[in-house]
Amino acid sequence: MTQIARIIKNVSNQYTVYFDEQVHLATAMGKLRLGKRPIVGDFVRIEFLENKWVIQEVLDRKNQLIRPLVANIDQAIVVMSLKEPDFSYRLVDRLIFLISVEDIDPVLIVNKTDLDSDAALKEVMDAYVPFGYSVIATTKGEDPQPIISLLKDKLSVLAGQSGVGKSSIINRIDSQYELKTQEISKVLGRGKHTTRHNELYNIGGGWIADTPGFSSLDFKHVDKLELAQSVPDFKPYLTCRFRNCLHQSEPNCGVKEALMQGKIFQQRYDHYLECLDLIEEDSYE
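How do you make sense of the overall build of the chain when you look at a structure like this?
Tallying secondary structure elements over the chain gives nine helices and 13 strands in all. The proportion of buried residues among the 285 residues of the chain is 46%. Counting only contacts in the chain whose residues sit at least 6 apart along the sequence, the fraction spanning at least 24 positions is 67%.

Where do I start with the packing of aromatic side chains in this structure?
The description of an aromatic ring pair uses the distance of the two centres, along with the angle that the planes make with each other. Under the definition given, this model contains 11 aromatic pairs. Taking 5.5 Å as the distance between ring centres and 50° as the angle between the ring planes, the aromatic pair formed by Phe 131 and Phe 265 counts as tilted. Of this pair, Phe 131 sits in the loop between helix H3 (118–128) and strand S10 (134–137) while Phe 265 is found in the loop between helix H8 (254–260) and helix H9 (266–283), placing the two residues 134 residues apart along the sequence. Residues Tyr 269 and Tyr 272 carry aromatic rings whose centres are separated by 6.1 Å and whose planes lie at 40° to one another, so their mutual orientation is tilted. Linking Tyr 269 with Tyr 272, this pair stays in helix H9, spanning three residues, or about one helical turn. In this structure, Tyr 269 and Tyr 272 share a single accessibility class: buried. These aromatic residues form a ring-pair network of at least three members: Phe 87, Tyr 89, Tyr 128 and Tyr 133.

Before we go on, may I ask you to explain the environment of Ile 203 in this structure?
Mapped onto the elements of the fold, Ile 203 is located in strand S12 (residues 197–203). Judged by its relative accessible area of 1%, Ile 203 falls in the buried class.

I tried to follow the state of the cysteines on my own but got confused; where do I start?
Think of a disulfide as a covalent bridge from one cysteine sulfur atom to another cysteine sulfur atom. Considering all chains together, one arrives at zero disulfides under this definition. No disulfide involves Cys 240; its sulfur sits 3.8 Å from that of Cys 253, the nearest cysteine. Its relative accessible area of 18% is what places Cys 240 among the buried residues. With no disulfide of its own, Cys 253 lies 3.7 Å from the sulfur of Cys 245, the closest cysteine sulfur.

Basis of the calculations
- Residues numbered from 1 in each chain as written.
- Predicted model: local features only at pLDDT ≥ 70, side-chain atom pairs only at ≥ 80, totals over all residues.
- Heavy atoms only, no water.
- Helix = DSSP H or I, 4+ residues; strand = E, 2+ residues; numbered from the N terminus.
- Buried < 20%, exposed > 50% of the residue type's maximum accessible area, 1.4 Å probe, protein only.
- Contact = heavy atoms within 4.5 Å.
- Phe/Tyr/Trp six-rings, centres within 6.5 Å; stacked < 30°, edge-to-face > 60°.
- Disulfide = S-S within 2.5 Å.

Okay, here's the thing in structure tokens:
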């Protein structure tokens, strides 16, 4: 008997898989551990052999993060507070760039909207919504249904600095979430590099990866040309004369033309140039 399942947890060589709305334990064939090792988020073909489920094959991945090690991510939810801490356009944009390079859709949740003015919220919305980004504004006590709709049937990772309210948002949907993550953190010693644990949580009809490491802004692995072709604002205007255009000072650049016409947000373009400089600096370290 064979099944297609999704890996939702991995500790050493023991995998927890999910199919037909049930959770099962499985082990990996030795040949898989030597080659394409299964990771959390993978869809796998499993077979019931000798009274246990065995992973026979890892199906093709649409994407994969290295840190944290998660595959087949549908979206990354960038959570940023409007106040306490203040909304950081630079941080949000850099997270969007890193997410987009990995071929993952970014979604922005603006939290704690009750702590600042409507004008401040409008300024944030105007910087993202007209340029094609999905944005949800929320605060404590509000109906979580828009966020539940966002999570349904998708694998999401959370990104954002400490204090913006990532856990509180999820706890509005499932009060058990914080309890689960706290218990696991105590057992494993969250933050220690020796931790070899990764897990997906079934919340709001979808899966959320407990991925605190994704908030780190490391551009060392990013290729400049790959970034230039991945920024969501740029994609409709990649009609540049040169295939290796970085949208800086090259002639006949479709992105620069769109920028001058107001079709690309100037501040996000400036943040993109900063990231090119970061990549350049890292390459000389």
